[in-house]
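Next come the chains, spelled out residue by residue.
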Amino acid sequence: MKSLAELQAIREKMLNQVNLRKDREDGIRVVVGMATCGIAAGARPVLNAFMSEIEKKNLANVTVTQTGCIGMCRLEPIVEVYMPGEEKVTYVKMTEDKVARIVTEHIINQKPVNEFTIGAAE
Amino acid sequence: MKELSLHILDIVQNSIKAGAKNIEIIINESTADNLMTIEINDNGSGMSKEFLKKVKDPFVTTRTTRKMGMGISLFEAAAVQCGGGLDIESELGVGTKVKASFELMSIDRAPLGDMAETMMTIISGSPEPEYLYRHTKDGKVFELDTVQLKEILGDVPLDMPEVLSWITGYIKEGLAELNI
Ligand SMILES: Nc1ncnc2c1ncn2[C@@H]1O[C@H](COP(=O)(O)OP(=O)(O)OP(=O)(O)O)[C@@H](O)[C@H]1O
Ligand SMILES: [Mg+2]
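First things first, this report covers the structure right here in the doc.

### With respect to the sheet that holds strand β3 (residues 79–82) of chain A
Residue and element names in this part refer to chain A.
- Read from one edge of the open sheet, four strands run β2-β1-β3-β4, paired in mixed fashion. Each of the sheet's edge strands pairs with one partner strand only, and the pair in question is β2 (62–67) and β4 (89–91). The sheet shows a mean angle of 20 degrees between the axes of neighbouring strands, taken without regard to direction.
- Sheet topology note: the β3/β4 ladder contains three bridges and is antiparallel. Residue pairing across strands places Val-79 opposite Tyr-91, the latter belonging to β4.

### Some remarks on helix α4 (residues 115–125) of chain B
- Counting buried positions along α4 of chain B yields ten of eleven residues, so the element is predominantly enclosed.
- Along α4 of chain B, the residues that are buried comprise Met-115, Ala-116, Glu-117, Thr-118, Met-119, Met-120, Thr-121, Ile-122, Ile-123 and Ser-124 of chain B.

### Comments concerning the pattern of salt bridges
Residue and element names in this part refer to chain A.
- Evaluation of the coordinates by the stated rule reveals eleven salt bridges over all chains.
- With a shortest N-O distance of 2.9 Å, Arg-101 and Glu-105 are connected by a salt bridge. One end of the pair, Arg-101, and the other, Glu-105, are both in helix α5 (residues 96–108), four residues apart, so they sit about a helical turn from each other.
- Residue Arg-101 is classed as partly exposed on the basis of its relative accessible area of 31%.
- With a relative accessible area of 29%, Glu-105 lands in the partly exposed category.

### Some thoughts on the site of ligand 1
- Taken together, 20 residues form the shell around ligand 1, and within it Thr-36 of chain A together with Thr-61, Thr-62, Arg-63 and Met-70 of chain B come nearest.
- Looking at the residues close to ligand 1, they fall on chains A and B.
- The side chain of Thr-36 of chain A places a nitrogen or oxygen atom 2.5 Å from an oxygen atom of ligand 1.
- Between ligand 1 and the protein, one listed contact pairs an oxygen atom with a backbone N or O atom of Gly-71 of chain B at 3.1 Å.
- Burial of ligand 1 by the surrounding chains reaches 93%, relative to a free accessible area of 600 Å².
- Of all elements in the fold, only α1 (4–17) and α3 (71–80) of chain B reach the threshold of two or more residues within the shell around ligand 1.
- Ranked by residue count, the leading element in the shell around ligand 1 is α1 of chain B, at three residues.
- Class assignment of the residues belonging to the shell around ligand 1 gives a composition of seven nonpolar, nine polar and four charged.

### Notes on the nonpolar core
- In this structure, Phe-50 of chain A together with Ile-25 and Tyr-133 of chain B are the most contacted members of the largest nonpolar core, which totals 82 residues.
- In this structure Phe-50 of chain A touches Val-30, Val-64, Val-79, Met-94, Val-99, Ile-102, Val-103 and Ile-107 of chain A, once residues within four positions along its chain are discounted.

### A word on the packing of α1 of chain B against α4 of chain B
Residues and elements named next belong to chain B.
- Put simply, α1 and α4 touch, their axes get as near as 9 Å, and they point 20 degrees apart. Taken as axis vectors, α1 and α4 run roughly parallel relative to one another. In this structure, α1 meets α4 at a crossing whose hand is right-handed. Listed contacts from α4 to Ser-5, Leu-6, Ile-8, Leu-9, Val-12 and Ile-16 of α1 are Met-115, Thr-118, Thr-121 and Ile-122.

Calculation rules
- Residues numbered from 1 in each chain as written.
- Chains lettered and ligands numbered in written order.
- Predicted model: local features only at pLDDT ≥ 70, side-chain atom pairs only at ≥ 80, totals over all residues.
- Heavy atoms only, no water.
- Pairing = 2+ DSSP bridges.
- Helix = DSSP H or I, 4+ residues; strand = E, 2+ residues; numbered from the N terminus.
- Axes fitted to C-alpha atoms, helices over the stretch in contact; angles between N-to-C directions.
- Buried < 20%, exposed > 50% of the residue type's maximum accessible area, 1.4 Å probe, protein only.
- Salt bridge = Lys/Arg side-chain N within 4 Å of Asp/Glu carboxyl O.
- Near = heavy atom within 4 Å.
- Polar contact = N/O pair within 3.5 Å; in protein donor to acceptor, adjacent residues only side chain to side chain.
- Areas by Shrake-Rupley, 256 points an atom, 1.4 Å probe, with all protein chains shown as cover.
- Nonpolar A, V, L, I, M, F, W, Y, C, P; charged D, E, K, R; others polar.
- Core = buried A, V, L, I, M, F, W, Y, C linked by side-chain atoms within 4.5 Å.
- Contact = heavy atoms within 4.5 Å.
- Parallel < 35°, antiparallel > 145°, perpendicular 65-115°, else oblique.
- Left-handed = near helix turned anticlockwise from the far one by under 90°.

Dropping the structure here:
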């Protein structure tokens, strides 16, 4: 059973990782569109798949954030990946099962999955 | 939308956009009354009387990326389709209350869906406001209050992956105790 005491323990563990915040600030960003259009198209499970994949693979330098509607509703769920020093890559019509490949091939091995990008969709 | 929890995620985005510092998500399920209510209350910017009158109309929005604002009208449709309705109270400078009611046992009622995932998504996207999630089912209560979590966490931010996954697990287990 998850308890508040367990949260206390997480806090203690985190406090010892002093570089944590810095890692996160200079790192890779994954941005998921979470307006009505994105949510209706399935953005929530996509975001959750990124979170669990990143936690599973222990990628401390990757943050997952959210944004509103960017005006391309028919291509939602949309995910943008920002690697430091690179152009952003926009993935469209995302689904949960595309997430693992993006994490392994793009985020870890730095090769965008072209077939899922906006360029391939249009 | 397939789940009521997705509507909740969406309606809370309105509260966040309105600059709310405190957001309450109150769900009540009563088998005896065959009633489910979902309330989202915030202390954001609120809406004027004139705007409030027309806010359920899908062509009313202050967004600039498209001409339609669908969130509230979709939530209302989800309530109306199972014999319920949607009520909004709002005051400029004070805040907004959105209350939807549903016939609990109606076959036309969308399932509640994954509230743990919805809360985790809300908190990770906007960790600054305080959230109170209170879920009552036939008298039993589950509650998650970020004020309390932040007291325990101190300097450790709420949106760290380990903390977020604790939150997801805590909600899942808490709701399971209520047979949700
Ligand atoms: N909690 C709130 N506080 C203040 N204003 C609100 C609130 N909820 C809704 N509004 C106003 O009502 C409008 C319509 O809301 P609605 O959720 O239906 O559409 P939207 O948010 O504009 O677009 P969408 O939900 O489709 O992304 C909003 O643009 C906003 O101006
Ligand atoms: Mg909205």
